[in-house]
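The residues making up each chain are set out below.
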Amino acid sequence: LRITIGLKEAGWYNEKTDVVVTVEELNDNKKFKMEKVEAKVGSNGSWVDITDDMTFEITENCNVYVKVTDENGAEYEKARFIKCFDKTAPTLNAAVNEGLLTVMTYDTESGMKNVYVNEYSFEPDENGIVSIKDVWLKKVWEITRRMENWPLNLQVKNNVVHKIRPGVWYSARP
C-alpha cells in the first residue's frame, strides 16, 4: 500500500493551503478494500475523516498524519512534515559605491526570486546578492533646473548653489 501526502498546489503560503492524500495498492491486490481515510494535523490533533474528498487544510508548517483503514480493520499510517509557510518578510540592504549598486537579500524561508529596481527585475545570485553596474546618483541640485516648469528651482551665485526652493507648481499662472 502506498500513501502519498502532498500539497494540492506547490508553492509558499502565508495563511492556509490544502493537503492532498492518495492511496494506491501496489500489488494489485483485488481483495484490498479501503474503508476509511483519516488525517490529523500535529501529534496532538484529532483524527478527521477525509475519505470523500481526500484533502484537509493546514495553516502552518507542521507534521501531518494519515491513517488508512481497510475493510478488515487493518490500519496503515504515514506521517510527513510539510514546510510551505513563510510568514517572515525578506529584508534588503543596499549600497552604491562608484556606480555599482549592491543589494543584499535575506530570506531564511522561501528565498528571494527577484529584486526590482526602477521597474527592472534582477535575480539574486546563490548568495542572495544583486549587483547592478553603472548606477550613478546625482546630488539634489544636479537634478534641478532654472525653469518655471520644474518642481525645484535652483538659485546660483558666483557658481555656488545658494538656494533650492520648491517651484510654484500649484499656481494657475504660466
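Residues numbered from 1 in each chain as written. Predicted model: local features only at pLDDT ≥ 70, side-chain atom pairs only at ≥ 80, totals over all residues. Heavy atoms only, no water.

Chemist: Sorry if this is basic, but what is going on with the overall build of the protein chain here?
Modeler: Along the backbone of the protein chain there are zero helices and 14 strands. Reading the helices (α) and strands (β) of the protein chain from amino to carboxyl end gives β-β-β-β-β-β-β-β-β-β-β-β-β-β. Among the 174 residues that make up the protein chain, the fraction classed as buried is 24%. Of the contacts made within the protein chain by residues no fewer than 6 positions apart, 42% connect residues no fewer than 24 positions apart. (Helix = DSSP H or I, 4+ residues; strand = E, 2+ residues; numbered from the N terminus. Buried < 20%, exposed > 50% of the residue type's maximum accessible area, 1.4 Å probe, protein only. Contact = heavy atoms within 4.5 Å.)

Chemist: How should unusual backbone geometry be read in this particular structure?
Modeler: Glycine aside, the phi torsion of most residues is negative, and most peptide linkages are trans. One non-glycine residue, M54, lies in the positive phi region at around 60°. Tracing the backbone through its elements, the reader meets M54 in the loop between β4 (48–49) and β5 (55–58). By relative accessible area, which is 14% here, M54 ends up buried.

Chemist: Would you explain the sheet that holds strand β8 (residues 91–97) in this entry?
Modeler: A sheet is described by the order of its strands in space; here three strands give the open sequence β8-β9-β12, paired in antiparallel fashion. Taken across any chain shown, the strands that pair with only one partner, and hence form the sheet edges, are β8 and β12 (129–132). Strand-to-strand, the axes of this sheet are offset by a mean angle of 15°, without reference to chain direction. Sheet analysis places strand β9 (residues 100–106) next to β12, joined by four bridges and oriented antiparallel. Within the sheet, the bridge partner assigned to V103 lies in β12 and is V130. (Pairing = 2+ DSSP bridges. Axes fitted to C-alpha atoms, helices over the stretch in contact; angles between N-to-C directions.)

Chemist: What is the right way to read the state of the cysteines from this model?
Modeler: Two cysteines, two sulfur atoms, one covalent bond between them: this is a disulfide. Per the stated rule, a full pass over the model turns up zero disulfides. Considering cysteine sulfurs only, C84 is the nearest to C62, which forms no disulfide, with 7.7 Å between them. On the basis of relative accessibility, which here comes to 1%, the residue C84 falls in the buried class. (Disulfide = S-S within 2.5 Å.)

Chemist: Sorry if this is basic, but what is going on with the sheet that holds strand β1 (residues 2–7) here?
Modeler: As a general point, the strands of a sheet are linked pairwise by backbone hydrogen bonds and lie either parallel or antiparallel. The strand order β1-β2-β5 describes an open sheet built from three strands, whose pairing is antiparallel. Strands at the two margins of the open sheet, each flanked by one partner only, are β1 and β5. Adjacent strand axes in the sheet meet at a mean angle of 25°, parallel and antiparallel pairs treated alike. Examined bridge by bridge, strand β2 (residues 17–24) and β5 share four bridges and lie antiparallel to one another. In the strand pairing of β5, V19 is matched with F56.

By themselves, these figures tell us nothing about what the structure is for.
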